[in-house]
Amino acid sequence: MCRDIAPVPRAPYAARSPATAAAIDRAAHEAPLYEGDDGPARTAAQLVALAWFESKFDTKAVGDHGESLGLFQVGVSSLPALGVTREDLFDPHTAARAA
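It should be emphasised that the depicted structure is a prediction, and the values quoted were computed from it without experimental measurement.

> Help me understand helix 2 (residues 39-55) in this model?
Since one α-helical turn is 3.6 residues long, residues separated by three or four positions face the same way. For helix 2, built from 17 residues, the straight-helix expectation of 24 Å at 1.5 Å per residue is met to within 8% by its first-to-last C-alpha distance of 24 Å. Taken together, the buried positions of helix 2 are Gly-39, Pro-40, Thr-43, Ala-44, Leu-47, Val-48, Ala-51 and Ser-55. Looking straight down helix 2, one finds its buried side chains confined to an arc of 165 degrees; they lie on one side. On its buried side, helix 2 packs onto helix 1 (18-30) and helix 4 (92-98). Backbone geometry just downstream of helix 2 places Lys-56 in the positive-phi region, at approximately 55 degrees.

Spelled out as structure tokens, the structure:
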């Protein structure tokens, strides 16, 4: 028996980091990187992978001797172009939008 039901993505990190999960979901829906019905889900998957790789979901992560900040380790040299401050990058939603 075959069904035409798309699998629902699981977010195993969501229980451990609910604010981060909500911020990624919100950013993915506000500005999806991909077109189509699955654009937000694909965007969220990419943001989850990036946040795990860069910071292991640590919203206060600081790397590269203070030159990369937050969940996604956004470089401080990008701040003027992004219109955000160093402190903004420690907010999960702002960091997700900047990434």
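Next comes the rest of the account.
> How do you make sense of the packing of helix 1 against helix 2 when you look at a structure like this?
A packed helix pair is summarised by two numbers, namely the angle formed by the two axes and the spacing between the axes. Contact pair helix 1 / helix 2: the axes reach a minimum separation of 8 Å and the direction vectors enclose 135 degrees. Classified by the angle their axes make, helix 1 and helix 2 are oblique. Taken as a pair, helix 1 and helix 2 cross one another with a handedness that is right-handed. Taking contact as the criterion, the partners of Ile-24, Ala-28 and His-29 in helix 1 are, on helix 2, Pro-40, Thr-43, Ala-44, Leu-47 and Val-48. Of the residues belonging to the contact of helix 1 with helix 2, the class tally is six nonpolar, two polar and no charged.

> Hey, could you run me through the environment of Val-74 in this one?
Its location among the elements puts Val-74 in strand 3 (residues 74-75). The sequence separation of Val-74 and Ala-95 amounts to 21 residues, and the corresponding C-alpha distance is 7.7 Å. Once residues within four sequence positions are removed from consideration, Val-74 is found in contact with Glu-67, Ser-68, Leu-69, Leu-82, Leu-89 and Ala-98.

> Explain the sheet that holds strand 2 (residues 68-69) to me, please; I cannot follow it from the model alone.
Sheet strands associate in pairs through backbone hydrogen bonding, adopting either a parallel or an antiparallel arrangement. With antiparallel pairing, the three strands of this open sheet are ordered in space as 1-2-3. With one partner strand each, in any of the chains shown, strand 1 (62-63) and strand 3 form the two edges of the open sheet. Where strand 2 meets strand 3, two bridges bridge the pair, whose relative direction is antiparallel. Its bridge partner lying in strand 3, Ser-68 is registered against Gly-75.

Quick notes on the rules
Residues numbered from 1 in each chain as written. Predicted model: local features only at pLDDT ≥ 70, side-chain atom pairs only at ≥ 80, totals over all residues. Heavy atoms only, no water. Helix = DSSP H or I, 4+ residues; strand = E, 2+ residues; numbered from the N terminus. Expected span 1.5 Å × (residues − 1). Buried < 20%, exposed > 50% of the residue type's maximum accessible area, 1.4 Å probe, protein only. Arc of directions from axis to C-beta. Contact = heavy atoms within 4.5 Å. Axes fitted to C-alpha atoms, helices over the stretch in contact; angles between N-to-C directions. Parallel < 35°, antiparallel > 145°, perpendicular 65-115°, else oblique. Left-handed = near helix turned anticlockwise from the far one by under 90°. Nonpolar A, V, L, I, M, F, W, Y, C, P; charged D, E, K, R; others polar. Pairing = 2+ DSSP bridges.

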